[in-house]
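Here are the chains, one letter per residue:
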Amino acid sequence: MMLSIIEIKMEKFCFCAQIVILTLVACTSSVQSGSLFCAQSSSPQTPTSVHSLRPADVSVISALVLSDLERSDEIKALNTLSEIFFTFNPDVSSFVPEQRSIMDQTESITQSLSSTQWKLLLFFVPVDEPCACEGQDIKATLNETVNRVENELSRLHKQLKHTLVHVVLWGRLPTSKSPSRVCQCQCEEEYSTNRRRLDTVTLMASLQESLSAVLKSRGWFSEREDFSVMLQSNAVHTDLSASTEASTRDISKLVLQLWTNLLHPMTDKSEMEGRGLIPCPNEERPYLRTQQNSLTEPEADLPPLLDPVMGTELTCEDRSPSPTVPTSVHYLRPADIKVVAAMGDSLTAGNGVGAAQNNLLGVITEYRGLSWSIGGDKNLSAVTTLPNILKEFNPSLVGYSLQEGGENSAQSFLNQAVPGAKSDDMVTQARAVISRMKSDSRIDFQNDWKVITIFIGGNDMCDYCSDTVYFSPDNIVKRIREALDILHSEVPRALVNLVELLYMVPLRRLHQDTSIGCPTWLVKMLCPCVIKPRDASYEAQKLEDFNKAYQRAMVQLVESGRYDTHENFTVVLQPFFRNVILPLLEDGRPDRSYFSPDCFHLGQKAHTLMAQALWNNMLEPLGNKTDSQDFTSGISMKCPDESTPFLRTYVNSDYTYETPPPTPSPPTNWGSDFSCEDTEPSESVPTSVHRLRPGDINVVAALGDSLTAGLGAKAKNILQLLNEERGVSWSIGGDKTLETVTTVPNILKKFNPNVFGFSRGKSKLTKGFNVAVSGAKASKIPEQVRDLITALNSSNKVNFEKDWKLVTLFIGGNDLCQYCHDRDSLSPQKYIGHIAESLDILYNEVPRVLVNFVQILEIKDLRLVNRDTLGCSLVQENLCPCFLKPGENSPELSEMRKINRDLQTETERLVYGGRYDGREDFAVVLQPFFENSVIPMTADGTPDLNFFSVDCFHFTERGHAEMAIGLWNNMLEPVGSKQTYNNFTHDRSKIHCPTKEHPFIFTRVNSASGDSGVSTTAVPTTVAPGTPVPLKCSSDSIPAWAAAILAVAGLLIGWAVTWIFFYYRERKNRKGSQDAHETEMKGTSL
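The rules we used
Residues numbered from 1 in each chain as written. Predicted model: local features only at pLDDT ≥ 70, side-chain atom pairs only at ≥ 80, totals over all residues. Heavy atoms only, no water. Buried < 20%, exposed > 50% of the residue type's maximum accessible area, 1.4 Å probe, protein only. Helix = DSSP H or I, 4+ residues; strand = E, 2+ residues; numbered from the N terminus. Pairing = 2+ DSSP bridges. Disulfide = S-S within 2.5 Å. Contact = heavy atoms within 4.5 Å. Axes fitted to C-alpha atoms, helices over the stretch in contact; angles between N-to-C directions. Core = buried A, V, L, I, M, F, W, Y, C linked by side-chain atoms within 4.5 Å. Phe/Tyr/Trp six-rings, centres within 6.5 Å; stacked < 30°, edge-to-face > 60°. Lys NZ or Arg CZ within 6 Å of the ring centre and 35° of its normal. Salt bridge = Lys/Arg side-chain N within 4 Å of Asp/Glu carboxyl O. Patch = residues over 30% accessible without salt bridge, like charges linked within 9 Å, V, L, I, M, F, W, Y side chains within 5 Å. Areas by Shrake-Rupley, 256 points an atom, 1.4 Å probe, with all protein chains shown as cover. Lys, Arg positive; Asp, Glu negative; His and termini not counted. Charge placed at Lys NZ, Arg CZ, Asp CG, Glu CD. Left-handed = near helix turned anticlockwise from the far one by under 90°. Nonpolar A, V, L, I, M, F, W, Y, C, P; charged D, E, K, R; others polar. Parallel < 35°, antiparallel > 145°, perpendicular 65-115°, else oblique. Expected span 1.5 Å × (residues − 1). pLDDT = per-residue confidence, 0-100.

Glancing now at the pairing of strand β8 (residues 449-455). On any regular strand, side chains alternate: one points to one face of the sheet, the next to the other face. Counting buried positions over the seven residues of β8 gives seven, a clear majority of the element. The alternating pattern of β8 places W449, V451, T453 and F455 on one face and K450, I452 and I454 on the opposite face, and all of these are buried. Looking at chain direction, strand β7 (residues 337-344) and β8 are connected through seven bridges and run parallel. Counted as the bridge partner of A341 is I452 from β8. The pairing of β8 with strand β9 (residues 494-499) spans five bridges and is parallel. From the neighbouring strand, K450 faces β9, where its bridge partner is A494.

Structure below.
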């Protein structure tokens, strides 16, 4: 049997590869139920109705692609989906027509497929081909697509029997890494990736709505019992990668969405984003879904049509300008304003403001003339905007936008907002505003007073969870500051309204009540970081924290006084969006009428209130500005105060900015403050590593290289570089106390003063259980582990069997730095083999151990660290030649970056592959604070060399302190939500504390939602050396019965299931094809 398996052609392994990929994709998610292999339940007899069709009843799977181009992703997905169906019916076959015109594909299918077998036909409608460029007739394009789909479905309905057709909107969305592959036409260069993504997603949703309406009008083609059409409840999509074709993992993610939509009803609950395990049909819903057998919800009530008049009555009597043109911004009256301008994103561009509630496609339209801060359509009695208010004081006002169009159109004028824009677009927009002001003959650039309104940050919030470093509050405000600096230095006579980022959390309610009919799946694509988190989850709290941090950062920027250096310019923070009260209907549900059809952008009702709130903020003194927006209550328009008829600034408000705290004196040490209150150990010594508190740890130990040995941590010159300052080593040092030396053992001493094993000083006699060796590579870690076990056994202060031990492993820097000199012995495969050997020894021989495996750092930015000294110029390059010698953008540097990523990926697979999950008193936890390494910078943007030793490679004591904090805080963060970057900023109060709700050090098991950390099965506390450890899925959400089966079956399941699949595959192949057009199922390569 073994020989026959070996002789199978290589492509036969594609099936196994696809199942492995699907398993990995499933296992990295957090769904609470499901399984990879489902019960193979078929109908008791061949079904007569398409509405009672089970997966096991399907004999043939086929596909149509509505495209005249050659596309491969859809065919790969069909083949992968066939492998899932194969687990239900080993005799299932797939048929793929040649990629010709859609009519030819339909003809081929109708002529080739048997009329007696049950068939599943996937009708792919690509959404990444239609153009969404400015000036395109998008509605005509959509109508053409819908008509083509309807025509082909009509032909299929006439000619096919025993067929279920699932129409699938399919595509990959544009990202910054793939700006060019959005549509088959070419848009203008200024058509940004962010705008393309917004337009593509909106097109997708509009097409979904249009197809649903057509299919509903045709009765879903279900007048016969043997034929029906189902529109999958939401589009199957993934982000577009930089490559031409999707990766195997991308395809697997898409197939998971596709398969789930086959089983679930047309509700938002079927969405696969953020979920994982491959779902199975159950007793309540065993059938492939049709419209008839789906659980349908009542149609949502759309809000009534809006009153087209959104005007406001202004009752101000004194509308006169200053007697003479003021020379100070602090004496500026509304009538003195000659020019208005605006910068921002789609909320300022006016996307969807004037769209009817049933016109989702209208969200693409930029109704700039209706925009709250810059629109100038009609007049104030019909349209409420800030310019229309100002025109009541000065009818000669210029700069506002009119009607519809992009930022480059003439009617947009000084509205330079761009849909999808983020804070990093503000500098470009500032330059555009200045350029247009200077080039327009109506504007006296030097003498005219200007109001410029900036509103930005919403899209940064929407994406913050994808890169919390790039979208950190500090980085966001830094980019805003760069734009304001340009305006401050180049634009005379200007008052800048910086509108504080709105409080976005309440908007989540719109997408938690399905009765109001919001296209939530669409908004999850536009704003995943805000909409996706579950209430009361860690992610939801992080969203709240980031939202408030963005707001605080904007306040601090303005209150720094940076923009109050001369009389003709100031920046005023307008905080009316700081707290948002969601508008509600009388029955308590969110009121959709304030929003555009996508329930994400704001409608004209909201823009009216925003304009009124902004105007009122401008007239309110600093320190007494309205900082909340209640959409449900009307806003009374204010007028300039008789005694102070000016637009309010910090000067005419008699307001004093909060004095920044005095610059602290230089620190004399790198210790930390400790604020944790509950430092007690467990009431009784825990038997489970998943119930381990910091105070339960008795012994600390460390494995690694020079970074753990503390090489050069206190060096002042090159001669001291070889000193190993183990006492201040981040993970194992124990010099002095936490107040003066920050290390993990010094933190643990606060919980258990008797903790043992830490290093002191730099003598080998006091190194404790720090067995790290300078210059070590991964190949030396097994030897270090043996030395550690010997030391533990020989110590009379260690109870080897009963003491809980914390072992920190950090290795790989030398493997990376020397990789190009020995690619074979330093390959990722060899690296992970040495690590596995080392962890296996600990797993099999040492009881009661928690292993901190610190993720290998990202070395690429080390190239930025340099100083003109002998140590940095000579030693650094010799220590890490493979990263430091290659030229920028060279193939050699690209290779090293890839190897760096591969080492991180392989490490994660090893740790969370289940290899070390068989014991209750042992766990390996990956601590990823170095996964995305960030070089600390000074205020002028250069690397902060205080963190680096004299060789510009090793860390100083200050760097060790920051590493200790990063590791400790990682230990108190749940797996899956750990910080993946280092935050090297001096702050004595950064040390986190265990919480009352979770006083334990986090492991993969106790990180699962609602998990008490107590195992439900008895597991031996030790495992004999050489005992194979069963592999299992890395998701903690596997049901208990599935985990038990996996633990018992172990490696046998791989052999047995693979043999069964191959056996049936060979049996099917021997049957031969019944038709020349039928093709053998083939998966994509792994």
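Still more to cover.
Turning to the state of the cysteines, a few remarks are in order. Here the structure, examined in full by the defined rule, presents eight disulfides. Between the sulfur atoms of C820 and its disulfide partner C882 the distance amounts to 2.0 Å. Taking the sign of the S-S torsion, about -85° here, the bridge from C820 to C882 comes out left-handed. A residue pair is termed long-range when its members are at least 10 positions apart, and C820 in the loop between α20 (813-817) and α21 (828-845) and C882 in helix α23 (residues 881-884) qualify at 62 residues. With relative accessibility at 26%, the residue C820 sits in the partly exposed group.

Bringing the environment of F86 into the picture now. Summarising the element assignment, F86 is placed in helix α3 (residues 73-86). For F86, a relative accessible area of 2% puts it in the buried group. In this structure, the C-alpha to C-alpha distance between F86 and P55, residues 31 residues apart in sequence, is 9.3 Å.

Inspection of the secondary structure assignment puts N394 in the loop between α9 (386-391) and α10 (426-439). Once residues within four sequence positions are removed from consideration, N394 is found in contact with A335, I337 and K338.

Here we have four strands laid out as an open sheet, ordered β13-β14-β15-β16, and parallel in their pairing. Only two strands of the sheet have a single neighbouring strand rather than two, namely β13 (697-704) and β16 (922-927). Between one strand and the next, the sheet's axes are offset by a mean angle of 20°, whatever the strand orientation. Strand direction decides the pairing type here: strand β15 (residues 849-854) and β16, joined by six bridges, are parallel. Note that in β16 the partner of N852 across the bridge is V925. Along the sheet face, helix α19 (residues 781-794) touches β13 and β14 (804-810) and points at about 150° away from the line of β13.

This part is about the nonpolar core. One finds F123, L153, I452, I454, L484, L487 and F577 to be the most contacted residues of the largest nonpolar core, which totals 149 residues. Non-local contacts of I454, meaning those with residues more than four positions away in its chain, are made with M343, M426, L484, L487, V496, N497, L498 and V499. Residues L748, V846, L850 and C952 belong to the second largest nonpolar core, which totals 95 residues.

Moving on, we come to the packing of aromatic side chains. Across all of its chains, the model carries 29 aromatic pairs by this definition. Arranged with centres 5.6 Å apart and planes meeting at 35°, the rings of F88 and W259 form a pair that is tilted. Pair noted here: F88 is in the loop between α3 and β2 (93-95) and W259 is in helix α7 (residues 248-263), with a separation of 171 residues, a long-range link. As far as burial versus exposure is concerned, F88 and W259 are alike and both buried. Ring geometry for F393 and W615: centres 5.4 Å apart, planes at 35°, overall tilted. With F393 in the loop between α9 and α10 and W615 in helix α16 (residues 604-619), this pair connects stretches of sequence that are 222 residues apart. Judged by its relative accessible area of 6%, F393 falls in the buried class. One residue, K749, lies across the ring of F758, its end atom 4.3 Å from the ring centre. Seen from the ring of Y843, R919 lies directly overhead, with NZ or CZ sitting 5.3 Å from the centre.

So, about the pattern of salt bridges. Applying the stated rule across the entire model yields 32 salt bridges. When the shortest N-O distance is used, the salt bridge between R368 and E407 registers 3.6 Å. Within this pair, whereas R368 is found in the loop between α8 (346-349) and α9, its partner E407 is found in the loop between α9 and α10, the two being separated by 39 residues in sequence. The exposure class of E407 is buried, given its relative accessible area of 6%. Through salt bridges that share partners, E107, E152 and R155 make up one connected network.

On the surface, E317, D318, D641 and E642 cluster together into a negatively charged patch. With respect to the helices, strands and loops of the structure, D641 is situated in the loop between β12 (628-630) and β13. For D641, a relative accessible area of 38% puts it in the partly exposed group.

Sheets are built from strands that pair by backbone hydrogen bonding, the pairs being arranged parallel or antiparallel. Strand order in the open sheet made by the four strands is β7-β8-β9-β10, with parallel pairing throughout. Both outer strands of the open sheet, β7 and β10 (569-574), are each paired with one neighbouring strand and no more. Neighbour to neighbour, the strand axes of the sheet diverge by 20° on average, direction disregarded.

The next thing to look at is the packing of helix α12 (residues 473-490) against helix α15 (residues 538-559). For the pair α12 and α15, interaxial distance at closest approach is 9 Å and the crossing angle is 35°. The element α12 and its partner α15 pack so that their crossing is right-handed. Here P473, I476, V477, I480, R481 and L484 of α12 come into contact with α15, specifically with F546, A549, Y550, A553, M554 and L557. A per-class count over the contact of α12 with α15 returns 11 nonpolar, no polar and one charged.

The next point concerns the packing of α19 against α21. In contact at an axis separation of 8 Å, α19 and α21 are set at 20° when each is read in the N-to-C sense. The angle between α19 and α21 places the two elements in the roughly parallel class. Here α19 runs over α21; the crossing is right-handed. Judged by residue contacts, I781, P782, V785, R786 and I789 of α19 engage H834, E837, S838, I841, L842 and E845 from α21. Split by residue class, the contact of α19 with α21 holds six nonpolar, two polar and three charged.

Summarising burial for β9: six of the six residues are buried, a large majority. Burial along β9 is two-sided: the face carrying A494, V496 and L498 and the face carrying L495, N497 and V499 are both buried.

As a further point, take a nonpolar patch on the surface. On the surface, a cluster of nonpolar side chains totalling about 420 Å² of accessible area is made up of I718, L719, L870 and L874. Summarising the element assignment, L870 is placed in helix α22 (residues 870-879).

Here α16 spans 23 Å end to end across 16 residues, near enough to the 22 Å set by a 1.5 Å rise per residue. Of all 16 residues that make up α16, 15 are buried, and the element is covered over most of its length.

Here the focus is unusual backbone geometry. Positive phi is not limited to glycine here, since W220 has a value of about 60°. Summarising the element assignment, W220 is placed in the loop between α6 (193-217) and β5 (227-231).

Structurally, N282 can be placed in the loop between α7 and β7. Among the residues examined, N282 registers a relative accessible area of 34% and is labelled partly exposed. A C-alpha to C-alpha distance of 9.5 Å links N282 and L263, two positions 19 residues apart in sequence.

Its 14 residues give α3 an end-to-end C-alpha distance of 20 Å, which sits within 8% of 20 Å, the value for a rise of 1.5 Å per residue. With 13 of 14 residues buried, α3 lies mostly within the body of the structure.

All right, on to the confidence of the model for the chain then. Mean pLDDT for the chain: 83, with 81% of residues reaching 70 or above. Overall, residues 266-276 carries pLDDT values under 50, and its contacts beyond four positions in sequence, including any with other chains, amount to 42 contacts.

On to the environment of V146, then. Its place among the elements puts V146 in helix α5 (residues 138-159). When residues no more than four places from it in sequence are discounted, the contact partners of V146 are L207, S210, L211 and V214.

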